[in-house]
Amino acid sequence: VSAYSEAFEQIPVFLQTDQLILGLRQQLSPATALAYNEAGVIPPNDNSRDAPDLPPIYFNMVAGFFTILWSELSARGIEIVGSSQYCGCPEIPLWHIPSRQYPGVSMTDWTTGNGNPRYWALKLIIEYFGPGDQIILDYTTNSNSIDDKKMIFSQARITAKTQQRALILVNKSHLAQVVKLEDKD
């Protein structure tokens, strides 16, 4: 469970590298579009036969991780952030799948075929957000203490698709959080 919040610590590290890439692009070719692929989390030894089963909460964490990463990158003008893969699974001899197919990066539940939290997070991003969104508030707590009740990422946008206000919230903790929203208009 402690690894749940620790995964989010990697996002600022990646964003520092991204800042260097954006700086180089600005110097050398400002009109060049950037796309990032294979973004997200993969468990250690995910394709190893002796890898442990993933707890269900794992897919909630990676959905939140990708949502934050996409939110931060899209705010910097990165219009394409790809993720792997639609359907992965553990070894399933009954279905003649003799070896693991990276279950930790799957967007579907391999027992039902339904989307898992990674799928639903990506679906919401695609349906409601996109290039041209106006970021009107970008705030995240920096604490990674599992005892801290303020482990929420939030980003408010006016969407280019509908010109409506939208709020992205991600709980970076395995603990339940309470968020109160007030209309200040």
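Residues numbered from 1 in each chain as written. Predicted model: local features only at pLDDT ≥ 70, side-chain atom pairs only at ≥ 80, totals over all residues. Heavy atoms only, no water.

*Asks:* Break down the side chain of Asp133 for me, with residues and values.
*Replies:* With respect to the secondary-structure elements, Asp133 resides in the loop between α4 (117–128) and β3 (134–140). At 3.0 Å, the side chain of Asp133 and the backbone nitrogen of Gly130 are in polar contact. A distance of 3.0 Å separates polar atoms of two side chains, one belonging to Asp133 and the other to Arg157. In this view, Asp133 contacts Arg157, Ile158, Thr159 and Ala160; residues no more than four positions away in its chain are not counted. (Helix = DSSP H or I, 4+ residues; strand = E, 2+ residues; numbered from the N terminus. Polar contact = N/O pair within 3.5 Å; in protein donor to acceptor, adjacent residues only side chain to side chain. Contact = heavy atoms within 4.5 Å.)

*Asks:* Tell me about the packing of helix α3 (residues 57–75) against α4, residues and numbers included.
*Replies:* One can describe the packing of α3 onto α4 by two numbers: an axis separation of 7 Å at closest approach and a directional angle of 25°. The orientation of α3 relative to α4 falls into the category roughly parallel. In this structure, α3 crosses over α4, and the sense of that crossing is right-handed. Contact residues: Phe59, Asn60, Val62, Ala63, Phe66, Thr67 and Trp70 in α3; Pro117, Arg118, Ala121, Leu122 and Ile125 in α4. By residue class, the composition of the contact of α3 with α4 is 9 nonpolar, 2 polar and 1 charged. (Axes fitted to C-alpha atoms, helices over the stretch in contact; angles between N-to-C directions. Parallel < 35°, antiparallel > 145°, perpendicular 65-115°, else oblique. Left-handed = near helix turned anticlockwise from the far one by under 90°. Nonpolar A, V, L, I, M, F, W, Y, C, P; charged D, E, K, R; others polar.)

*Asks:* So what's going on with unusual backbone geometry? Residues and values would help.
*Replies:* Omega for the bond connecting Ser84 with Gln85 falls within 30 degrees of zero, at -15°, which places this linkage in the cis form. Topologically, Gln85 is positioned in the loop between β2 (80–81) and α4. One non-glycine residue with positive phi stands out, namely Asn45, at about 55°. If you trace the backbone, Asn45 turns up in the loop between β1 (35–36) and α3. A relative accessible area of 57% places Asn45 in the exposed class. The phi torsion at His96 lies on the positive side, around 65°, for a residue other than glycine. (Buried < 20%, exposed > 50% of the residue type's maximum accessible area, 1.4 Å probe, protein only.)

*Asks:* Report on the packing of aromatic side chains, specifying residues and quantitative values.
*Replies:* With the rule as written, the count across this model stands at 6 aromatic pairs. Relative to Phe59, the ring of Tyr58 has its centre 5.0 Å away and its plane inclined at 85°; by these criteria the two rings are edge-to-face. For the residue pair Tyr58 and Phe59, the accessibility class agrees, reading buried in each case. Between Trp70 and Phe129, the ring centres sit 5.9 Å apart and the planes meet at 50°, which makes this aromatic pair tilted. Of the two residues, Trp70 is situated in helix α3 and Phe129 in the loop between α4 and β3; the sequence distance between them amounts to 59 residues. (Phe/Tyr/Trp six-rings, centres within 6.5 Å; stacked < 30°, edge-to-face > 60°.)

*Asks:* Which residues make up the pairing of strand β4 (residues 152–158), and what values go with them?
*Replies:* Counting buried positions along β4 yields 6 of 7 residues, so the element is predominantly enclosed. In this sheet, strand β5 (residues 165–171) lies alongside β4 in antiparallel orientation, the contact comprising 7 bridges. Of the residues in β5, the one forming a bridge with Ile152 is Asn171. The turn joining β4 and β5, which pair antiparallel and follow one another in sequence, is formed by 6 residues; a positive phi near 60° is taken by Gln163. (Pairing = 2+ DSSP bridges.)

*Asks:* Outline the confidence of the model for the protein, supporting the account with residue identities and numerical values.
*Replies:* Mean pLDDT over the protein: 88, with 91% of residues reaching 70 or higher. By mean pLDDT, the top-scoring element of the protein is α4 (95), and the lowest-scoring one is helix α1 (residues 2–8) (74). (pLDDT = per-residue confidence, 0-100.)

*Asks:* Requested: an account of α4, with residues and values cited.
*Replies:* Residue pairs three or four apart in sequence face the same way in an α-helix, which turns once every 3.6 residues. Between its first and last C-alpha, α4 extends 16 Å over 12 residues, near the 16 Å set by a 1.5 Å rise per residue. If you check which residues of α4 are buried, you get Arg118, Ala121 and Ile125. On an axial view of α4, the arc spanned by its buried residues comes to 70°, and they lie on one face. Looking at the buried side of α4, the elements it contacts are α3. The N-cap of α4, judged by a side-chain oxygen 2.9 Å from the amide nitrogen of Arg118 a few residues on, is Asn116. (Expected span 1.5 Å × (residues − 1). Arc of directions from axis to C-beta.)

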